[in-house]
Amino acid sequence: MNVDDAPKSGPIAGMKSGVQAAARNTLKTVKDVNTKINAMEKKVLNVAQDIAFVPPLEPIPFPWFCLLMIITLLPLAAYIMGFSAMGWGRDCMKFAVDNHTVGYYCLFFCFCIMSGLYILDFSYWESKCMTTIRAFLLLTSAILFLVGTFFSAADYPYSPLVVFMLVMPGYLLSWRKIAFTSNFRSYVSWLPGPLFFCAIIASVAWIIWCFQDENHSWSNKTRDTYAFYVGCEPNFDADTGYPDCEQYYTTASKTWSCYNGDDKEFTAIGDDDNCGSGCADVYDTCLDAFMIWAMPFLASMVYFFISFVFVFLNPDHKNASPQAFMKMFLCICFLFWVASSLAASNAGITNALMAFILVACCMGALVACGVHGVKSFQKDVENDFINKFKEKYGGYSTLFKGMFILTCGPAVLGYWLISIVNQAIRKLRLPLTKKLGGEDGDEKYLLTLVAHKQKETIINWEWTPVISNGIGIGIFVQVMGILVTKITYLLLAMLRQKIEDEGWGPGFVSTLMVIIGLSLFLLPPVPGVPIYFMCGLMLVEVCEPHMGGTVGATFYAVFLGLFLKLLACACQQKIIGENLGSSVAVRQMVGINSDLMRTMRVILSKPGLSMAKCSILIGGPDWPTSVLCGILKLDLIPILIGTFPILILITPTVLSGLFVYLGQTKDWAETLSTVCLSATGMAQSGSMLVAAFYLEKTIAENKDEIDAVEVDVAVEEADKKAKFFADDYHTVTAWPILPTWVKIWLLVALLEMIFSCYLTMIFSANCFETFEMTSKVADLPNGNAMNLFKAWGWVAIALFFISTVQFYIFKSWAGKKVKQLQENGDGAEKKAEAVNAV
């Protein structure tokens, strides 16, 4: 009997109604769960898109999706197979290295063609014949440039990646003419999805490949094998290399004593007595090996970047914000730096990162021109982007100008020199050049008219604040890049060496780590990552015999790192922050009345553990965040509880130090150290992005709550006086009225800072020995810590200190002039009082 045939009353009817009710409730519960899951998935995706981890994706018809996946996947797969260790990357890199002279010839001819075209004013050619010649020469120059860039792999191992980045925009946009002529806007809006999925596929495939075989993971053996095959030169330098290993190497044939005849596989140097037991790192300056190994990951980063570029340039996409684009770009650059500087040798990493950023900008411009057209793109930049930029950041114009002078000053001088040559050629009145003598009277200028107008604009800047900001930025960069990073690493390495030499026990080393770690934490510029790293590197080694092995010692190192962080937070908040909080000058310096500080106060004052609170406490700089909590008079216990998730940063950092220690005996540990350090970087940068996201969100959604935060009246009065002082300072330091000796004094200080920054940032290899968190003092020449700095490094430091002293003297002189102005009754405050009285 079927249930439906059961009587309408009685036990069976009751059972039937109960079953039906249970089924309805179950279906309703399943439906509610599915709805919640879908809402949660959508919320997670929206958050990820807001903080620029995932590009906004458009729905795509399945046939078009398949076609776009094929279009985007084919070049990526071809590039990975051709230029990485997953395919024939070693052969291609070897071919480029062996024929590197071809690259120099190609680049030389490209430079000659482009210089000739510029000097002959190719942009003014109008006849059909000349425009055809121009197009042919430009195409030839582009081909020569790409070929030359590829064959320069001997000196610039990242050149194949540069070629790939420059070719991809043209390849993707060429399909506009092939399959999307009538539906180009849909093509632009659909591309981010396939590009993003291809990047995921490439990254996952590379990770699987790395763990599939121990020979695929990054180790000394992998590096030595790749470096030997492509023809890298071993580092036998007497000061920084391994001169004793030269006896095992035959220069004529470029082979080692342990060479077994197989170009692609040979016994790892250092594992064979025939090659010397201390020669494992003889290829530590070969960047080619790392580029071959990591090329799939780097190519996937390029695809991530392109996907966001197309989202940003899609005129129909409402969520394509510049903030999300910049967050994504900075995140990718950070991942590139982490992967390169921590997994490979440090030689050439800065140049590789600079090349990646520069080419990424060029690639974005090429995509923009392809999507919108050259004229439309130029119009959008001039009328839309620049105007919005001025509207939002116009108050920081002198800051950006100072940064421009500090970074691009020498390039501007080079551009003006070329412009002088171009103008001189024009005055010869050759047939192909621009005719001079029009209404603009450009024949009387030394530079071309465009360069002349640009020069006049620059000359009319308010040079005193521009120079001051340029020097100030230089001071910040040099302090963070030299006095903090390198000196901190050096001091910790010296401590590690002392512990090894003296054989100190766990108790003494732990006490020492607490004292030194707390002292470093209390210094504003010092970050926490090196401290956690040294806990894993030094404590585990010392505590391992006393705490049940490696696992127990590792847990203890993580615990001590957390204890150090919480202790530092308490000291910074209660001892420094609350005491400094009584100072009006300190509260004014941190901008206690600004929207940002009021927003942080609203977030941090809320009870419980929220994502916003934890992201600020973890992602913010260690010293300023804790001190700010003290200045804001926040309760200590909730802040410490909110800081506990810092374990997601401490744990991988300690593990990275542990694996560096284990890497002395186990090759696989080096790869895990790289993974952990990358995870550390991702956790740090991710928390910073999440913190920025929640700050922006709170400002937008909780404006009433933020406005309700009480204004600090004393700071408000101090801000008014500071504005009067700033007005007086601007009056007495206006560039036209400055004495000549003061102008020369400032310009010399700026030139000294420019040279100092150029030396340490661009020519870092000529200034410093390679020294990172994993290094030892014994790695430096003669084992002397002072040999961290080469001769040019001491020159850079001397220029930095001289420039800083000159800037301080100028500030003191200007301060006295302001004081004299105010004492004479001509200050801005007196004038304001007079106006109010009237």
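Residues numbered from 1 in each chain as written. Predicted model: local features only at pLDDT ≥ 70, side-chain atom pairs only at ≥ 80, totals over all residues. Heavy atoms only, no water.

### Some details on the nonpolar core
Reasoning step 1: Grouped together as the largest cluster of nonpolar side chains are 67 residues, with contacts concentrated most on Leu76, Phe164, Leu172, Tyr283, Trp293, Tyr303 and Phe310.
Reasoning step 2: Those elements that provide at least two residues to this core are α2 (62-83), α3 (89-98), α5 (128-151), α6 (159-178), α7 (184-190), α8 (192-212), α9 (220-230) and α10 (287-313).
Reasoning step 3: Looking at this core, the element that brings in the most residues is α10, giving 17 residues.
Reasoning step 4: Residues contacting Trp293, with those up to four places away along its chain left out, are Ala85, Trp206, Trp209, Cys210, His216, Ser217, Trp218, Thr222 and Tyr226.
Reasoning step 5: Ala568, Leu636, Val660 and Leu662 belong to the second-largest nonpolar core, a separate cluster that totals 48 residues. (Core = buried A, V, L, I, M, F, W, Y, C linked by side-chain atoms within 4.5 Å. Buried < 20%, exposed > 50% of the residue type's maximum accessible area, 1.4 Å probe, protein only. Helix = DSSP H or I, 4+ residues; strand = E, 2+ residues; numbered from the N terminus. Contact = heavy atoms within 4.5 Å.)

### Some details on helix α4 (residues 100-119)
Reasoning step 1: Over its 20 residues, α4 extends 29 Å from the first C-alpha to the last, a length consistent with the 28 Å expected when each residue adds 1.5 Å.
Reasoning step 2: Looking at α4, one finds that the buried residues are Gly103, Cys106, Cys110 and Leu117. Viewed end-on, α4 has its buried residues packed into an arc of 70°, placing them on one side of the element. The exposed residues of α4 that point more than 90 degrees off its buried face are Tyr105 and Phe111.
Reasoning step 3: Along its buried surface, α4 packs onto α5.
Reasoning step 4: Backbone geometry just downstream of α4 places Asp121 in the positive-phi region, at approximately 55°. (Expected span 1.5 Å × (residues − 1). Arc of directions from axis to C-beta.)

### Some thoughts on the environment of Phe304
Reasoning step 1: Along the chain, the position of Phe304 falls in helix α10.
Reasoning step 2: With relative accessibility at 12%, the residue Phe304 sits in the buried group.
Reasoning step 3: Each C-alpha atom of the pair Phe304 and Ile200 lies 8.6 Å from the other, and the pair is 104 residues apart in sequence.

### Description of α6
Reasoning step 1: When the terminal C-alpha atoms of α6 are compared, their 29 Å separation across 20 residues agrees well with the 28 Å that a helix rising 1.5 Å per residue should span.
Reasoning step 2: Along α6, the sharpest change in direction is near 30° and occurs at Val167; proline Pro169 comes one to four residues later. (Bend = angle between axes of the 7 residues up to and from the residue.)

### Quick notes on the pattern of salt bridges
Reasoning step 1: Under the definition given, this model contains six salt bridges.
Reasoning step 2: Of the charged contacts in the structure, one is a salt bridge between Lys94 and Asp98, with a shortest N-O distance of 3.6 Å. Of this pair, Lys94 and Asp98 both sit in helix α3, four residues apart, which is roughly one turn of that helix.
Reasoning step 3: Using a relative accessible area of 26% as the deciding quantity, one classes Lys94 as partly exposed.
Reasoning step 4: For Arg426, the salt bridge identified is with Asp121, shortest N-O distance 2.9 Å. Residue Arg426 is located in helix α14 (residues 397-427), and its partner Asp121 is located in the loop between α4 and α5; the two are separated by 305 residues in the primary sequence. Both residues of the pair, Arg426 and Asp121, count as buried. (Salt bridge = Lys/Arg side-chain N within 4 Å of Asp/Glu carboxyl O.)

### A short note on the confidence of the model for the protein
Reasoning step 1: Of all residues in the protein, 73% attain a pLDDT of 70 or more, and the chain-wide mean is 76.
Reasoning step 2: Least confident of the elements in the protein is helix α11 (residues 322-343), whose mean pLDDT is 47; most confident is helix α29 (residues 740-761), at 91.
Reasoning step 3: Segment residues 47-52: pLDDT under 50, and 16 contacts once partners within four positions in sequence are set aside and those in other chains are kept.
Reasoning step 4: Counted against residues more than four places away or in other chains, residues 318-324, with its pLDDT under 50, gives six contacts. (pLDDT = per-residue confidence, 0-100.)

### Some thoughts on a nonpolar patch on the surface
Reasoning step 1: Nonpolar side chains collect at one region of the surface, where Leu609, Ile637, Ile641, Phe644 and Leu647 lie side by side and expose about 450 Å² of accessible area between them.
Reasoning step 2: Summarising the element assignment, Leu647 is placed in helix α25 (residues 647-662).
Reasoning step 3: Residue Leu647 is classed as partly exposed on the basis of its relative accessible area of 31%. (Patch = residues over 30% accessible without salt bridge, like charges linked within 9 Å, V, L, I, M, F, W, Y side chains within 5 Å. Areas by Shrake-Rupley, 256 points an atom, 1.4 Å probe, with all protein chains shown as cover.)

### A few points about the side chain of Thr72
Reasoning step 1: In this structure, Thr72 sits in helix α2.
Reasoning step 2: A polar side-chain atom of Thr72 sits 2.8 Å from the main-chain carbonyl oxygen of Leu68.
Reasoning step 3: Within the local environment of Thr72, its side chain forms a polar contact with the backbone oxygen of Met69, the two atoms lying 3.3 Å apart.
Reasoning step 4: With sequence-adjacent residues up to four places away left out, Thr72 is seen in contact with Leu172, Leu191, Pro194, Leu195, Cys198 and Tyr303. (Polar contact = N/O pair within 3.5 Å; in protein donor to acceptor, adjacent residues only side chain to side chain.)

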